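Residue-level listing of the chains:
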Amino acid sequence: MSDEGQIMLRETFTVAGGDFSHAGRVSTTIKSMLKQIGFPSAVIRRTAIATYEAEMNVVVYADRADVTFEVTPKTIRVTLADQGQGIADLELAMQEGFSTATDEIREMGFGAGMGLPNIKRNADELEINSEVGVGTTVKITINAGE
Amino acid sequence: MTLNEVIHILDGELLCCDEKMSMEITDVCASDLMSDVLAFGTAGSLLITGLTNAQSVNTADVADIVAIAYVRGKRPADDVVRLAKERGLPVLVCALSLYEACGKMYEHGLAAGSEIREPQ
């Protein structure tokens, strides 16, 4: 299913690694934009949660990321391409409970090893490509109908 | 019950969004772990937590949580309250423990606002 040619909305954002004071800004902005378009609330919620988890991963683990947000009549796609340490063992990182977070991250209420699994739960399609020492690209696709 | 009744039962203090006092609250989720709120919390719930940073507000926003009650007498910083106000998210503080606050909400008939799966 491809409707790439019918992009209704395309925005780009930047997320800075380590910038905890602005963490969540991209996902909450995307949520507001989807609300304005009028998508069903369950679709908006799934997109917002998946994006927020991915955004927090960038803030916690990467140096920076370019985020592309695209809406077509059938899909919502959020792609986060980061520059950073990458993921050494993706299969392990996808397991609930596995985390390499520091105590500082845990004190903020994160680092429970739920991030990637929770992105997967909320996305209809999830594609992750990672290279150690280079970075990770996370492509989240949500079907626009419920 | 209304948010106003929640505040009364928890003997709490509302820090913003007074206009939402009559909002209906039916479900509660409670956690200090925002990862779990995102994974298991349900839309429309009141979040009871001891975590008072900006990520509690962001988490509530993205997960469609309708209000936050901060427990253990913890008070969010002014910028966190400002963020909650901007998002239209009522936040209150109370001196109860997480356990006591949950117990009171449960006693008054509020349901569990979380989707827990079978242990794996």
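Residues numbered from 1 in each chain as written. Chains lettered and ligands numbered in written order. Predicted model: local features only at pLDDT ≥ 70, side-chain atom pairs only at ≥ 80, totals over all residues. Heavy atoms only, no water.

## Focus: the overall build of chain B
Here is the rule we go by: Each helix corresponds to a stretch of at least 4 residues labelled H or I by DSSP, and each strand to a stretch of at least 2 residues labelled E; elements are numbered beginning at the N terminus. Here the globule rule is a power law, 2.2 Å times the number of residues to the power 0.38, and the radius of gyration is based on C-alpha atoms. Each residue is assigned to one of three classes by its accessible area relative to the maximum for its type, calculated with a 1.4 Å probe on protein chains only: buried under 20%, partly exposed between the two thresholds, exposed over 50%.
Summing up its helical and strand segments, chain B has five helices and six strands in all. Mapped in sequence order, the helices and strands of chain B form the string α-β-β-α-β-α-β-α-β-α-β. Relative to the globule expectation of 14 Å for 120 residues, the C-alpha radius of gyration of chain B, 13 Å, shows essentially globular dimensions. Each of the three principal axes of chain B carries a C-alpha extent, and together these read 40 × 30 × 25 Å. Burial statistics for chain B: of 120 residues in total, 53% are counted as buried.

## Here's the deal with the packing of helix H3 (residues 54-62) of chain B against helix H4 (residues 78-87) of chain B
To describe two helices that pack against each other, one gives the angle between their axes and the distance between the axes. All names here are of chain B. Test applied: Working convention: axes come from line fits to C-alpha atoms, limited for helices to the stretch in contact. Angles between N-to-C directions cover 0 to 180 degrees. For classification purposes, angles smaller than 35 degrees are called roughly parallel, those larger than 145 roughly antiparallel, those between 65 and 115 roughly perpendicular, and all remaining angles oblique. In this scheme the handedness of a crossing depends on how the near helix is turned from the far one: anticlockwise by less than a right angle means left-handed, clockwise means right-handed. In this analysis, two residues are considered to be in contact whenever any of their non-hydrogen atoms come within 4.5 Å of each other. All residues other than Ala, Val, Leu, Ile, Met, Phe, Trp, Tyr, Cys, Pro, Asp, Glu, Lys and Arg, Gly among them, are scored as polar; the first ten of these are nonpolar and the last four charged.
Following both chains from N to C, one finds H3 and H4 inclined at 15°, their axes separated by 9 Å at the closest point. Between H3 and H4, the angle falls in the class roughly parallel. Between H3 and H4 lies a crossing whose hand is right-handed. Only Val80, Leu83, Ala84 and Arg87 of H4 make contact with H3, whose side of the interface consists of Ala54, Val57, Asn58 and Asp61. Looking at the contact of H3 with H4, its residues break down into five nonpolar, one polar and two charged.

## Looking at the environment of B:Lys85
Residues and elements named next belong to chain B. Along the chain, lysine 85 falls in helix H4. Distance from lysine 85 to lysine 104, taken between C-alpha atoms, is 26 Å for residues 19 residues apart in sequence. Among all residues touching lysine 85, those that are not within four sequence positions of it are Cys16 and Cys17.

## Considerations on the pairing of strand E2 (residues 27-30) of chain B
Residue and element names in this part refer to chain B. Formally: In this scheme, strands are said to pair when DSSP sees at least two bridges between them. Orient the strands so they point away from the viewer, and a crossover whose first-strand-to-second-strand path over the helix runs clockwise is right-handed.
The sheet contact formed by E2 and strand E6 (residues 111-112) spans two bridges and is parallel. Counterpart to aspartate 27 in the pairing with E6 is alanine 111. Here three bridges tie E2 to strand E3 (residues 46-49), and the two strands are oriented parallel to one another. Within E3, the position partnered with cysteine 29 by the bridge is leucine 47. Once you follow E2 into helix H2 (residues 34-40) and on to E3, the crossover reads as right-handed.

## What to know about the interface of chain A and chain B
Much of the literature gives interface size as the accessible area that the parts lose upon coming together. Rules: A simple way to read buried area is as the amount of 1.4 Å-probe accessible surface that goes missing from two parts once joined, with both sides added. Just to be clear on terms, a salt bridge is a Lys or Arg side-chain nitrogen sitting within 4 Å of an Asp or Glu carboxyl oxygen. Residues adjacent in sequence count toward polar contacts only when both atoms are side-chain atoms; beyond that, a polar contact is any pair of N or O atoms within 3.5 Å, and within protein one must be able to donate a hydrogen and the other to accept it.
Listed as interface residues are 23 residues of chain A and, on the opposing side, 23 residues of chain B. Buried surface at the junction of chain A and chain B, both sides included, amounts to about 1800 Å², of which 49% is carbon and sulfur. Considering only the surface of chain A that becomes buried against chain B, A:Arg45, A:Tyr52 and A:Arg121 emerge as the three largest contributors, covering 30% of it. Here chain A is connected to chain B by two salt bridges. A salt bridge links B:Asp64 to A:Lys31; its shortest N-O distance comes to 2.5 Å. Counting across the chain A and chain B interface gives 14 residue pairs in polar contact (both at pLDDT 80 or more). Put simply, the parts of the chain that give the side of chain A that touches chain B at least two residues each are helix H1 (25-37), helix H2 (41-61) and helix H5 (115-122) of chain A. Per element, the largest residue contribution to the side of chain A that touches chain B is seven residues, and it comes from H2(A). Of the residues belonging to the side of chain A that touches chain B, the class tally is 10 nonpolar, seven polar and six charged.

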